[in-house]
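Letter by letter, the chains look like this.
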Amino acid sequence: MDDRLLELLRMALSQHATDIHFVVRGSSVTLQLRCGQKIRQLDSDARDMALFRYLQYLADLELSDRSRPQTGRFEMDVDGKRLALRFALMHSLLVTSGVLRILNGRLDWTLKDCCSQKVQTEPLKKALRQKSGLILLSGPTGSGKTTTLYAMLNELKGASIFTLEDPIEIHSEAYVQIQINEKQHLGYDEGISQLLRHDPDVIMIGEIRDSVAAAMALRCALTGHLVLSSIHAASAVNAIERMCELGVSRTVLMEMLVCVSCQRLITLKNQKGKMCVYEVLQPPHLERVRQGQPPGEGFVSLAERMERLAEKNLISQYQQNSW
């Protein structure tokens, strides 16, 4: 089974995939590869059902318990690289779903790997030069927010970095990662209180989903730390509104924001790889937004970014109109 697993993991790494999906119906199993927002069907193999059971063994799951979802972790060497892997299992009446996630497949990524256009990444790099404040990334599921967050952390050489995540998406030894665990009374408030005692320079909060996480992100920024986080929003301006909906003071938020971005993950024309596309609100734009005005001169929206990529023949007209 190790040979088939190695084959799939090599394929996933070569295509920058994050997950391998196993969908079991009766005695048949279907495999899929998650690459950004795309799902790719894989050719079936006679070994796949046995591999599905083998993954449950590697993840130390309880095979006889079909009543509840289960998740387990294990590690494996692939061509000299030690991969941290998570296998999640869930049963329904007719279908069993298993998802194998690569937790550290992009440890060495930088912003240049996310987007080769310096004009897009330079505002994010500029924000990282600040000693304190809040950097907020936004976008829908599958838009590459987590990858961008880790790429930004990799730009911060020599800084003392702590992360607070639920769950930890990419495991790294370059910074201290704390896993939120409500069952053990380790929520965002307690987690922040604990990590602040360790004198961090930079704090990354994986995703802001509720009012507690929003308040904690702002609290850390107010105490003189550089904070990076992400939130689900359709645009950079909408990300600000979403934070206010979660109960933070708009006045304080606008004072603490270093930059706000929104992004999409696109496929380049002729399948020449993928690239993140960003719109970024910088201080001059943020001041205009604070006054209730449009971002103004120098701000390039996602729609404009897509139009420029289409003009350079980097993406198809279809993708420009369907992002």
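This is a predicted model, so every value here is computed, not measured.

Okay, the nonpolar core next. Residues I135 and L228 are the most contacted members of the largest nonpolar core, which totals 75 residues. If one sorts the elements of this core by residue count, helix 7 (residues 211-222) sits on top with 7 residues. Residues L6, V24, L42 and L61 belong to the second largest nonpolar core, which totals 29 residues.

Turning next to the packing of helix 6 (residues 188-196) against helix 7. Interaxial distance between helix 6 and helix 7 falls to 9 Å at its minimum, and their mutual angle equals 20 degrees. When the interaxial angle is binned, helix 6 and helix 7 end up roughly parallel. Here helix 6 and helix 7 pass one another in a crossing that is right-handed. Contacts from Y188, D189, I192, S193 and L196 of helix 6 reach helix 7 at V212, A213, M216, R219 and C220. Partitioning the contact of helix 6 with helix 7 into residue classes produces 7 nonpolar, 1 polar and 2 charged.

A cluster of acidic residues, E182, D189, E190 and D210, forms a negative patch on the protein surface. Residue classification places D210 among the partly exposed positions, given a relative accessible area of 33%.

A separate point is the pattern of salt bridges. Evaluated as defined, the whole model comprises 15 salt bridges. Here R4 and E7 are joined by a salt bridge, their closest N and O atoms 2.7 Å apart. Taken together, the residues R4 and E7, both in helix 1 (residues 2-14) and 3 residues apart, mark about one turn of the helix. Given a relative accessible area of 3%, R4 falls into the buried group. In this structure, the salt-bridge partner of R82 is D77, at a minimum N-O distance of 3.0 Å. For R82, a relative accessible area of 43% corresponds to the partly exposed category. One salt-bridge network, in which partners are shared between bridges, spans R4, E7, D45, R47 and D48.

Burial of strand 12 (residues 257-267) is extensive: 10 of the 11 residues sit out of reach of the surface. With 5 bridges joining them, strand 7 (residues 133-138) and strand 12 adopt parallel strand pairing. Paired with L137 across the strands is S261, a residue of strand 12. Where strand 12 and strand 13 (residues 274-281) come together, 8 bridges link them in antiparallel fashion. Following the sheet pairing, V260 is matched in strand 13 by L281.

Definitions and cut-offs
- Residues numbered from 1 in each chain as written.
- Predicted model: local features only at pLDDT ≥ 70, side-chain atom pairs only at ≥ 80, totals over all residues.
- Heavy atoms only, no water.
- Core = buried A, V, L, I, M, F, W, Y, C linked by side-chain atoms within 4.5 Å.
- Buried < 20%, exposed > 50% of the residue type's maximum accessible area, 1.4 Å probe, protein only.
- Helix = DSSP H or I, 4+ residues; strand = E, 2+ residues; numbered from the N terminus.
- Axes fitted to C-alpha atoms, helices over the stretch in contact; angles between N-to-C directions.
- Parallel < 35°, antiparallel > 145°, perpendicular 65-115°, else oblique.
- Left-handed = near helix turned anticlockwise from the far one by under 90°.
- Contact = heavy atoms within 4.5 Å.
- Nonpolar A, V, L, I, M, F, W, Y, C, P; charged D, E, K, R; others polar.
- Patch = residues over 30% accessible without salt bridge, like charges linked within 9 Å, V, L, I, M, F, W, Y side chains within 5 Å.
- Areas by Shrake-Rupley, 256 points an atom, 1.4 Å probe, with all protein chains shown as cover.
- Salt bridge = Lys/Arg side-chain N within 4 Å of Asp/Glu carboxyl O.
- Lys, Arg positive; Asp, Glu negative; His and termini not counted.
- Charge placed at Lys NZ, Arg CZ, Asp CG, Glu CD.
- Pairing = 2+ DSSP bridges.

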